[in-house]
Amino acid sequence: MSTSIRQAVLLTILALILAALSNTVLPNRIPYVGEWPSLAGSDSVIVPPSAEEGDPPFISLDEAAALSQSSNVIFLDARDPEDYIYGRIAGALNLPFEMLDDYWDSVTLQMPKDKQYIAYCSGDECETSLLLGREMVYQGYEKVYVFFGGWREWERAGLPVERGE
Amino acid sequence: MNSIMKSGSRFVHNDYLALVLRIFLGVIFVYAPLDKIMEPSQFARIIYNYHLLPSELINLMAILLPWVELVCGVVLILGVQKKGSLLLLNFMLTVFMVAIGINLIRNVDLECGCFSVSSKSKSHALGLLLRDVGMLAIGIYLMINRSTRFDLFKSRS
């Protein structure tokens, strides 16, 4: 029995080392301690009635929270700059759908095609997240999601936000 | 009576049966973690949805657990550190069964996170539980079986 335990400890240490290595090297690495919503029912996906076949996939709050921890994922705030400055999902870029032509060229400089993108707006009363998501797909971005719960659901769950310019 | 015991012992200590089952269980545990290693954030979300761990431990578990599975699977196939890997595998299977069992009682529609992190793979908890029972039975058999004939390095004890 003592052999079993000694070997088990050894194997666990080996796994620890490999896990730390892979979480340093892999593109989808996540922080060792993450932020998770404390709300029940965060795994229900809100899909707007206007959704159509071929739209980017809609994701739930918990999927958005999970993806936000991957270094490979960028949030896109489709709201106006005032809303974005007042408060946004931490790390999000502002790509206001109503002024897309003014922003597109400069913002997309920071948007490599091989990353994953999550478009959001205020919440389930706005459609700009979906419209932005469609535009992204049209522009050749392949990994695009729409988080229709949006800013409101994110903030209420106590997940990381940023404020200011 | 004597001959029954003899054939029973032959079953328990059969080298070939042990080898086949060892490779079977090992391959399962090598294959199972691959998807989870590539998409740790999605595996973390599945662990989060089990509602069993404090949120500080969710990511750590999502990073470490697939590698414990993979390491155990590889060494089991090779027949190195077999006792330790079987102890860990049987322990993990027991923990998985408890986790699935709790969510079966809670009546939650569960994403297993067993072999894939795709959110389309919702599974029936009872089926998952039975599958784990089967694997645990194999794991316990291999623990009892003392065959070292096909081990890469023979352990002395």
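Residues numbered from 1 in each chain as written. Chains lettered and ligands numbered in written order. Predicted model: local features only at pLDDT ≥ 70, side-chain atom pairs only at ≥ 80, totals over all residues.

So, the overall build of chain A
- Within chain A one finds six helices and six strands.
- For chain A, the succession of helices and strands along the chain, N to C, is α-α-β-α-β-β-α-β-α-β-α-β.
- With the principal axes as the frame, chain A shows a C-alpha extent of 65 × 35 × 35 Å.
- Scored against the burial criterion, the 165 residues of chain A give a buried share of 37%.
- Once local pairs closer than 6 in sequence are excluded, the contacts in chain A between residues at least 24 apart make up 67%. (Helix = DSSP H or I, 4+ residues; strand = E, 2+ residues; numbered from the N terminus. Buried ≥ 20, exposed ≤ 12 C-beta atoms within 10 Å, placed from the backbone. Contact = placed C-beta atoms within 7 Å.)

Quick look at the interface of chain A and chain B
- Each partner contributes to the interface: chain A provides 31 residues, whereas chain B provides 29 residues.
- Contributions of two or more residues to the side of chain A that touches chain B are made by helix 1 (2–25) and helix 2 (61–68) of chain A.
- Per element, the largest residue contribution to the side of chain A that touches chain B is 16 residues, and it comes from helix 1 of chain A.
- Split into classes, the residues belonging to the side of chain A that touches chain B amount to 16 nonpolar, 10 polar and five charged. (Nonpolar A, V, L, I, M, F, W, Y, C, P; charged D, E, K, R; others polar.)

Description of unusual backbone geometry
All names here are of chain B.
- At His51, a residue that is not glycine, the phi angle is positive and equals roughly 55°.
- In this structure, His51 sits in the loop between helix 4 (40–50) and helix 5 (55–78).
- We note that Gln81 has phi near 50°; this positive angle belongs to a residue other than glycine.

Focus: the confidence of the model for chain B
- When pLDDT is averaged along chain B, the result is 88; 92% of the residues meet or exceed 70.
- Two numbers describe this predicted complex: its pTM, 0.80, and its ipTM, 0.88. (pLDDT = per-residue confidence, 0-100.)

Comments concerning the nonpolar core
- With 71 residues, the main nonpolar core has Leu76, Ile118, Ala119 and Tyr120 of chain A together with Cys72 of chain B as its most contacted residues.
- Ranked by the residues each element gives to this core, the list is headed by helix 5 of chain B, at 12 residues.
- Each residue touching Ala119 of chain A, except ones within four places of it in the same chain, is listed here: Leu76, Ala78, Ser129, Leu132, Gly133, Met136, Val144 and Val146 of chain A. (Core = buried A, V, L, I, M, F, W, Y, C linked by C-beta atoms within 7 Å.)

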